[in-house]
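The residues making up each chain are set out below.
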Amino acid sequence: MGNLIMTDLSQKADDNTYEKLRQNIIKIIEGFCTDVFNHHAITVTPPSNNTHGDLACNALLIAAKALGQKRSEAIETIKLKLPACEDILKIDIIGPGFINIFFKPTYWQKQLKKVLSMKENFGHTLEKNGSKINIEFVSTNPTGPLHVGHGRSAVLGDTLARILSACGYDVTKEYYINDAGNQVNHLAASTHLRYLETLGEKINASQFTADMYGGDYLIPLGQHIAKIDGKKWHKWDQETLVYFRKTSVDYLMEGIKNDLNLLNIEFDIFTSEQKLIDEERVKQAVDYLQKQGYLYRGFLDKPLGHDGEDYEAREQLLFKTTDFGDDKDRALFKSDGTYTYFASDIAYHYDKYKRGFDACIDVWGADHIGYVQRLKAATKAIANKDLEIVIAQMVNFLEDGKPYKMSKRAGTFVTLREVIEDIGADSFRFMLLSRQHDTKYDFDFHIVREQSKDNWVFYVQYAYARICSVKRRFQELWPDKNFTNEYLEYLTWDNEFSIIKLVNDFPRHVLLAAQHREPHRLVHYLYDLACAFHTLWSEGRAKEYRFIEPDQFELTCARLCLLEAIGFTIKSGMTMLGVSLKEQM
RNA sequence: GCGCCCGUAGCUCAGCUGGAUAGAGCGAAGGACUUCUAAUCCUUAGGUCGGGGGUUCGAAUCCCUCCGGGCGCGCCA
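Conventions and cut-offs
- Residues numbered from 1 in each chain as written.
- Chains lettered and ligands numbered in written order.
- Predicted model: local features only at pLDDT ≥ 70, side-chain atom pairs only at ≥ 80, totals over all residues.
- Heavy atoms only, no water.
- Near = heavy atom within 4 Å.
- Polar contact = N/O pair within 3.5 Å; in protein donor to acceptor, adjacent residues only side chain to side chain.
- Helix = DSSP H or I, 4+ residues; strand = E, 2+ residues; numbered from the N terminus.
- Buried < 20%, exposed > 50% of the residue type's maximum accessible area, 1.4 Å probe, protein only.
- Contact = heavy atoms within 4.5 Å.
- Phe/Tyr/Trp six-rings, centres within 6.5 Å; stacked < 30°, edge-to-face > 60°.
- Disulfide = S-S within 2.5 Å.
- Pairing = 2+ DSSP bridges.

1. Here we look at the protein's contact with RNA strand B
Point 1. Taken together, 73 residues form the shell around RNA strand B, and within it Ser 335, Asp 438, Gln 451, Tyr 459 and Ser 469 come nearest.
Point 2. Restricting attention to atoms of RNA strand B within 4 Å of the protein, one finds that 58% of them are sugar or phosphate atoms.
Point 3. The separation between a sugar or linking oxygen of RNA strand B and a polar side-chain atom of Asn 141 is 2.4 Å.
Point 4. Contact distances for RNA strand B include 3.3 Å between a phosphate oxygen and a side-chain N or O atom of Thr 535.
Point 5. In terms of residue count, the dominant contributor to the surface near RNA strand B is helix α21 (residues 520–542) (nine residues).

2. With respect to the side chain of Thr 172
Point 1. Residue placement: Thr 172 occurs in strand β6 (residues 170–177).
Point 2. A residue is classified by how much of its surface remains accessible, and Thr 172, at 17% relative accessible area, is buried.
Point 3. In this structure Thr 172 touches Ile 133, Asn 134, Ile 135, Asp 268, Ile 269 and Phe 357, once residues within four positions along its chain are discounted.

3. Details of the packing of aromatic side chains
Point 1. Across all of its chains, the model carries 41 aromatic pairs by this definition.
Point 2. Centre to centre, the rings of Phe 103 and Trp 108 are 5.5 Å apart; their planes meet at 85°, and the pair counts as edge-to-face.
Point 3. Consider the rings of Tyr 441 and Phe 443, whose centres lie 5.8 Å apart with planes at 65°: the pair is edge-to-face.
Point 4. Aromatic rings pair up to connect Tyr 294, Phe 319, Phe 324, Tyr 341, Phe 342, Trp 364 and Tyr 371 into one cluster.

4. Topic: the state of the cysteines
Point 1. Overall, the coordinates contain zero disulfides when judged by the stated rule.
Point 2. Looking at the unpaired Cys 57, the closest cysteine sulfur is the one in Cys 33, lying at 13 Å.
Point 3. In this model Cys 360 remains outside any disulfide bridge; the closest cysteine sulfur is found in Cys 167, 18 Å from its own.
Point 4. Here Cys 360 falls in the buried class, since its relative accessible area comes to 1%.

5. Here we look at the pairing of strand β4 (residues 98–103)
Point 1. Where burial is concerned, most of β4 is hidden: five out of the six residues are buried.
Point 2. Pairing of strand β2 (residues 55–57) with β4, which is carried by three bridges, proceeds in the antiparallel orientation. Note that in β4 the partner of Ala 56 across the bridge is Asn 100.
Point 3. Pairing analysis gives six bridges linking strand β3 (residues 88–94) to β4, with the strands arranged antiparallel. Looking at β4, one finds that Ile 94 is bridged to Phe 98.
Point 4. With antiparallel pairing between neighbouring strands as the criterion, β3 and β4 make up a hairpin whose turn holds three residues, including Gly 95 at a positive phi of roughly 60°.

None of the figures reported here should be taken as evidence of function without further support.
Shown next, in the form of structure tokens:
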């Protein structure tokens, strides 16, 4: 796991109020301890119940044993020393021994100013931390357009990249093109049939065997080649094969890139499997493993979970991945002497680490779960690195509880493009990100089409639009003025402070999302923030609370500052999720 | 058989490297529009956190075990 990365992040937080307090409390407690205690277990976090103050620390509980008799002395010192900090209003020590910290209103006003100065960058770690992360995702075979099932891992990978780079990492987004296997020969042959069809030959569906690609999407390519080259490729020979392989892969990759762009996804680098093989990188990797003594000649058992009718035991060269945590050893060569996919994947990951990344993350669909241990074992063996693999579980696409127009034409599928054109990239991204990525998800299009609280992306976008509408109103009233942050002391109401506190908590959620590789935390945070805003908007009305008071400029400025901070937070968060915002709905 | 994931309110899900009285939305019942867009908001009802053990000041969270569900296990990629 990425423990290295997690430590990095927590050490990064020296400007963080929580971390400062934590260090102070630890220092005080250490002075009274006769024994060691686990510093790492001590946390300073906002308590779930706001009557317990603004921050709570569990240090006394963690260090209870180490403190022994001196516990009450430590408590006295904490109560004495911490309030010396000008921001702290009071310290309570209650319950089983939580240190509850209450801040003065001036502290929150100060924090608000900080948010305003960072604008849409609020939540970002501004200075680079020097770590290079490679994140590889999508990487589907270039044998057809992306289908809707690819959406989740695509969005997950892209969003993780955005969040990690917001946290100061140097992130490279990579796509590995599997353009070497047998499937590409089948692809070339399929395109060739479409080409012949364009030239007027009678092609019937049965000529597309099960291994081939009979979907309509190759027809335009066949037509295109016929138009450019006429009958030049009529004969199926080696030269034709090479040409059709390359042309087909290029064509489909172009389509895949376009579809991904629709989803707001762009890659930094595309790596070709065929190129690795041509440059003998796979050979080098296998030779290296051989030299290390990890390879041997042996037999593999008949695979389980299949009928295995066509299985034949065969002596072959095996990689002893079981020494590195895999549950069986793996083959590197097929019976025809070419490399297995696994062999080139080893070379590929070896290559990534050699390019100098401190961490590599692969984002895969659930259908590759069985491959995790194998590849982790291999990268451990060849590069002595722990590859990190994030799994996006299956998504069931539904329309009002029923399967979403699945398999409407024989041999085809619902493409990613048609879904995005149907519901839009914003909804698609936001909803797919709203759930923990390693649990399966029933995605209902019916909900996404609604404009209501059920549709989360709408709800958050609506909050942002409301904020913009208040700002427009301000400009109408005071056309020649801007609201300044000089009057924040006019913010006095409890509900205003609760929302400042929520805004202030945003960077912590960003770090957590990055550390755990869990963008859904941000989605939930933004939903909660939007909810708090809508509450302030409406609940305030009962108390005749208005953001804009036409005859009180200072008060209005203060409230507009609060709205502005909420707006920056929403903007920052939504940008990390790759979702857009509108100033008017 | 083995590996990974999941089991929290009627439904869909949050729950922070273990923390205080387990939280949202939907659905159900009731209420709020002379407004900065009611595309919203407020009440109320609803839970032995799948069962059982263990670890400790403390467990929805960690460990073991059982039950139930999903995905995957090949010389495919």
